[in-house]
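Spelled out, the chains give:
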Amino acid sequence: MAGLVNNLLILFLVFQNSCLGYRSPLSVFKRYKDTTRSLSNECLGNNRPVIPLGRTDFALDIRMPGVTPKQSDTYLCMSLRLPVDEEAYVVDFKPHASMDTVHHMLLFGCNMPSSTENYWDCDEGTCTDDSNILYAWARNAPPTKLPSGVGFKVGGKTGSKYFVLQVHYGDISAFRDNHKDCSGVTLHLTHQKQPLIAGMYLMMSVTTVIPPGEKVVDADIACHYKRYPMHLFAYRVHTHRLGKVVSGYRVRDGQWTLIGRQSPQLPQAFYPVEQPVDVSFGDILAARCVFSGEGRVTETRIGGTASDEMCNFYIMYYMEAKHAVSYMTCTQNVNPEMFRNIPQEANIPISVKPDMIMMTHGHHEENKNAAKSSLLQQPKREEEEVLDGDFHIEEVVDWPGINIKLGQVSGLALDPEYNLVIFHRGDHVWDENSFDSRFVYQQRGLGPIEQNTILVIDPSNAAVLHSTGKNLFYLPHGLSIDKDGYYWVTDVALHQVFKLGAHDKAPLLTLGMALQPGNDKNHFCQPTDVAVDPITGTIYVSDGYCNSRIVQFSPNGMFIMQWGEETSSGTPKSGQFLIPHSLALIPDFAQLCVADRENGRIQCFRLETGEFTKEIKHKSFGRELFAVSYVPGGLLFAVNGKSYPGDVEPVQGFVMNFSTGEIIDTFVPVRKNFEMPHDIVASEDKTVYVGDAHARTVWKFVSSEKMEHRSVKKAGIEVQEIKVIAVHTSVWIPLSQTQRPSSLSCWQAGIEAETIVEARLKNNPVSSDALKKQEKQHLVQQANTGVSFVLITTLLIIPIVVLLAIAVFIWWRKTMVYGADADHKLDSGSGRILGRFRGKGTGGLNLGNFFASRKGYSRKGFDRLSTEGSDQEKDEDDGTDSEEEYSAPPPPPVTSSS
């Protein structure tokens with residue numbers, strides 16, 4: 001018994017020590033909180049500027065030496081010599097400043113500062129030789145960590161020997177108590193040679209004039225790039241109060257590729273380039289700042305004071321070491337005419353809620369009511385998210401909607417109450433016998449569908465709230481719902497488009513002639529989908545299987561115009577269609593996107609003119625792209641079609657960035673398989689529904705957070721209070737780093753906690769309600785941490801207690817049976833039990849083998865689950881494998897239709 005108890009105690013201590021290896025986030029919070037308060041109050045950073053971080057790394061603390069500016073718009077500089085002569089690389093920047101006192105900070109690298117004083121007025125200059133900008137900070141921006149293998153080179157024979165910190169103190173009202181300021185930045189440097197050298201490219205307007213009261217003023221910058229290739233990975237925007245949005249692009253062969261766009265009224269951090277952009281010799285780098293002169297009574301020019309303006313677009317890049325250039329600038333516009341083709345998004349302000357705007361105290365001359373002035377008269381943008389690589393969509397596996405008995409599911413939509421509306425075909429199917437060669441419906445004798453074809457579903461529990469559409473349709477296809485809740489549907493057998501009220505038994509508006517295919521303003525041929533402009537009420541119809549056009553109607557159904565043509569042989573051109581199958585309105589950009597099904601692509605057009613704007617096409621789409629849906633804020637969702645023999649692209653869903661067209665994520669269901677996913681609809685909270693015509697079901701997907709915080713919400717103060725983590729960790733740490741051992745995860749979690757604390761300790765102007773909400777969130781997080789610790793400890797103790805009880809029982813039984821011999825035999829038994837823990841002589845812990853040895857015990861919980869069988873299961877009575885919708889005209893080989 002003693003041997004067993006000793007072994008169990010050792011096992012418990014091993015478990016306990018393993019748990020203690022992961023420090024409680026609460027302890028990290030307290031430790032960092034105390035350190036930070038002491039450091040910022042006593043300016044300890046200046047007394048100990050160099051902090052060793054191991055054999056190859058060290059930190060350098062660069063701080064103002066306790067200064068008190070005497071007037072607003074003061075620029076003060078200080079310098080610090082690199083403490084080593086050999087080469088080093090800056091890989092991390094951690095700011096120490098608050099926008100309550102500091103308007104912005106810049107960190108330069110050079111070899112000769114303009115002064116040898118502890119600090120000086122920057123009007124004397126920063127450096128006497130060439131200087132490079134290494135870092136920029138404003139508006140409580142979070143820390144910046146460079147990608148793995150990338151660093152700013154300093155020291156050695158060619159690198160900068162000095163760092164010069166420039167701090168712009170805007171409104172000095174915070175210094176009425178004459179306290180000393182020690183704002184600055186901590187650098188993380190390493191002696192390990194970095195294969196890629198970072199640099200800064202600054203685009204800056206120097207001639208812009210903003211007339212008073214002018215609603216929209218553009219400042220454009222563009223330069224030819226004539227160096228070795230560079231790779232862009234981060235950007236930062238900067239204006240003063242009048243700036244509404246700043247956008248940067250690479251222009252190559254007339255194609256504009258977004259680098260980044262952001263509101264300068266939000267934290268001016270270095271945001272990640274969503275999809276890294278390369279720039280080669282001959283490309284053009286272009287940027288636009290949009291200003292509004294409303295609220296001003298005099299001209300506003302570019303300058304260094306708060307009453308002036310600036311238009312800056314910073315780009316962080318890296319180059320191969322042998323070709324690296326550390327700093328480049330662009331201050332001109334080499335081709336003003338090219339900006340006629342700038343993407344529309346560059347002209348649309350990113351809205352910032354008034355109660356979330358962080359007022360820049362440096363702008364002491366601003367009218368206090370300036371924040372209330374109206375935004376530019378452009379389409380309104382919703383709050384956006386900067387998505388990192390960990391955004392992911394997964395099926396809600398317990399959602400019961402998958403079990404609803406449906407016919408072929410052809411259309412999905414969300415009503416104004418966000419209920420899911422399903423359009424299905426009941427007992428009718430579209431197969432090879434449905435139409436003749438002239439596209440005339442051949443099964444009219446069946447009559448209309450007798451079941452309700454439109455079901456309104458509770459999105460949470462899949463309960464049917466309402467149903468309609470009985471005896472109205474022959475072969476339902478597309479469904480959309482306008483802002484007033486009216487249903488717009490198409491019927492490919494009737495060749496018509498209908499407008500219905502949610503509870504109406506007859507259509508309120510009918511377009512097209514029943515059962516008569518055609519291609520004029522009064523006829524359709526198998527129309528596929530409808531979209532209604534929420535602002536103008538204009539109706540757009542995709543027409544369809546036999547026609548290749550988009551038709552535009554007035555709100556009362558009068559023909560306005562049409563565009564599009566059939567795809568000719570060879571590569572399909574812009575505006576050509578091979579079954580325009582699904583429509584998605586993009587109100588943010590006044591565009592209409594079309595799923596060009598058989599061409600396997602998305603085409604987008606201007607709403608008013610039908611002018612082509614962009615194509616989105618990826619190899620992973622395969623040959624067919626069935627449906628597309630848009631979420632305000634910039635996300636595009638789509639589903640492709642059934643693979644052909646020999647194709648490698650799977651049937652799946654896609655999440656894309658509308659601006660860049662890049663794929664952010666792909667997804668497939670867990671239950672059943674996609675067979676012919678026919679329509680997709682997504683809500684603003686990124687809940688996604690997919691309807692499948694052949695599987696006769698609807699799946700529900702939601703965004704899952706692989707990390708605690710996966711995005712930076714562009715809504716003002718939340719960025720630096722909570723969402724900082726995504727910029728500090730998720731954005732800058734490559735995938736290879738996230739796969740390190742758990743010990744690194746513990747360290748990384750500690751850094752995340754420190755980042756949160758640093759942001760919260762800043763004396764930011766936060767409303768009492770917002771502060772209470774943040775404190776409540778923090779308490780909840782603390783409570784969750786405590787619960788997690790208690791739960792883990794309990795789960796670890798329970799097996800030990802159970803084993804101890806088993807051992808006591810065995811000892812008691814053996815005492816009863818063997819009497820005086822029990823002690824000896826129990827030692828032998830305890831050895832066998834511990835032997836089962838260790839497995840087959842490996843010395844490792846194998847609970848699966850131990851529990852599997854117990855009589856009647858199943859190892860299901862420890863073996864890897866096999867899902868292959870369930871993935872292939874089919875309802876033997878389904879019979880949908882033979883049901884195909886056929887495209888028209890039917891080319892060989894016959895394409896699947898829907």
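Procedures and definitions
- Residues numbered from 1 in each chain as written.
- Predicted model: local features only at pLDDT ≥ 70, side-chain atom pairs only at ≥ 80, totals over all residues.
- Heavy atoms only, no water.
- Helix = DSSP H or I, 4+ residues; strand = E, 2+ residues; numbered from the N terminus.
- Polar contact = N/O pair within 3.5 Å; in protein donor to acceptor, adjacent residues only side chain to side chain.
- Contact = heavy atoms within 4.5 Å.
- Salt bridge = Lys/Arg side-chain N within 4 Å of Asp/Glu carboxyl O.
- Buried < 20%, exposed > 50% of the residue type's maximum accessible area, 1.4 Å probe, protein only.
- Pairing = 2+ DSSP bridges.
- Axes fitted to C-alpha atoms, helices over the stretch in contact; angles between N-to-C directions.
- pLDDT = per-residue confidence, 0-100.
- Disulfide = S-S within 2.5 Å.

*Asks:* Could you clarify how one ought to interpret the side chain of Thr 687 in this entry?
*Replies:* Examined against the element boundaries, Thr 687 turns out to sit in the loop between β47 (677–682) and β48 (688–692). Within the structure, Thr 687 has its side chain in polar contact with the side chain of Asp 685 (distance 3.0 Å). Not counting chain neighbours up to four residues away, the residues in contact with Thr 687 comprise Val 681, Ala 682, Lys 700, Phe 701 and Val 702.

*Asks:* What exactly am I supposed to notice about the pattern of salt bridges here?
*Replies:* Tallied over the entire structure, the rule returns 19 salt bridges. Of the charged contacts, one joins Arg 63 and Asp 61 as a salt bridge, the two residues approaching to 3.4 Å between their closest N and O atoms. Asp 61 carries the same exposure label as Arg 63, and that label is buried. Connected through salt bridges with shared partners, the residues Arg 250, Arg 252, Asp 278 and Asp 283 form a single ionic network.

*Asks:* How should the sheet that holds strand β32 (residues 509–511) be read in this particular structure?
*Replies:* In a beta sheet, neighbouring strands pair by backbone hydrogen bonds and run either parallel or antiparallel. Read from one edge of the open sheet, 4 strands run β29-β30-β31-β32, paired in antiparallel fashion. For this open sheet the edge positions go to β29 (476–481) and β32, each flanked by a neighbour on one side alone. Direction aside, neighbouring strands of the sheet carry axes that sit 15 degrees apart on average. Strand direction decides the pairing type here: β29 and strand β30 (residues 487–491), joined by 4 bridges, are antiparallel. Paired with Leu 479 across the strands is Val 489, a residue of β30.

*Asks:* Would you mind showing me how to read the confidence of the model for the chain here?
*Replies:* For the chain, per-residue confidence averages 76 on the pLDDT scale, and residues scoring 70 or more make up 70% of the total. Across residues 886–895 the pLDDT falls below 50, and counting only partners more than four positions away or on other chains, this stretch makes 24 contacts in the model.

*Asks:* Would you take a moment to explain the sheet that holds strand β7 (residues 132–138) for this structure?
*Replies:* Pairing is antiparallel in the open sheet, where 5 strands are placed in the order β6-β3-β10-β5-β7. Since the sheet does not close on itself, it has two edges, and those belong to β6 (120–121) and β7, each with one partner. Here strand β5 (residues 104–110) pairs with strand β10 (residues 162–169) via 7 bridges, running antiparallel. Residue pairing across strands places Met 105 opposite Val 167, the latter belonging to β10.

*Asks:* Help me understand unusual backbone geometry in this model?
*Replies:* One can expect most non-glycine residues to show negative phi and most peptide bonds to be in trans. Cis rather than trans, the peptide bond between Asp 543 and Gly 544 has omega equal to -15 degrees. Looking at the secondary structure, you find Gly 544 in the loop between β34 (539–543) and β35 (549–553). Despite not being glycine, Lys 672 shows a phi value in the positive range, around 60 degrees. Note that Lys 672 resides in the loop between β46 (663–667) and β47. In the Ramachandran plot, Lys 686 falls in the positive-phi region, its phi being about 70 degrees despite a non-glycine side chain. By secondary structure assignment, the location of Lys 686 is in the loop between β47 and β48.

*Asks:* Looking at this structure, how should I read the state of the cysteines?
*Replies:* Two cysteines, two sulfur atoms, one covalent bond between them: this is a disulfide. A full pass over the atoms with the stated rule returns 6 disulfides. Covalently, Cys 77 is tied to Cys 122 through a disulfide, its sulfur atoms 1.9 Å apart. Taking the torsion about the sulfur-sulfur bond, which here is approximately 120 degrees, the covalent link between Cys 77 and Cys 122 counts as right-handed. With Cys 77 in strand β3 (residues 74–81) and Cys 122 in the loop between β6 and β7, the pair connects residues that are 45 residues apart, well separated along the chain. Residue Cys 77 shares its accessibility class with Cys 122, and that shared class is buried. The residue that forms a disulfide with Cys 593 is Cys 604, at a sulfur-sulfur distance of 2.1 Å. Looking along the S-S bond of the Cys 593-Cys 604 disulfide, the torsion reads about 100 degrees, which is the right-handed sense. With Cys 593 in strand β40 (residues 591–596) and Cys 604 in strand β41 (residues 601–606), this residue pair connects regions lying 11 residues apart in the sequence. Cys 604 carries the same exposure label as Cys 593, and that label is buried.

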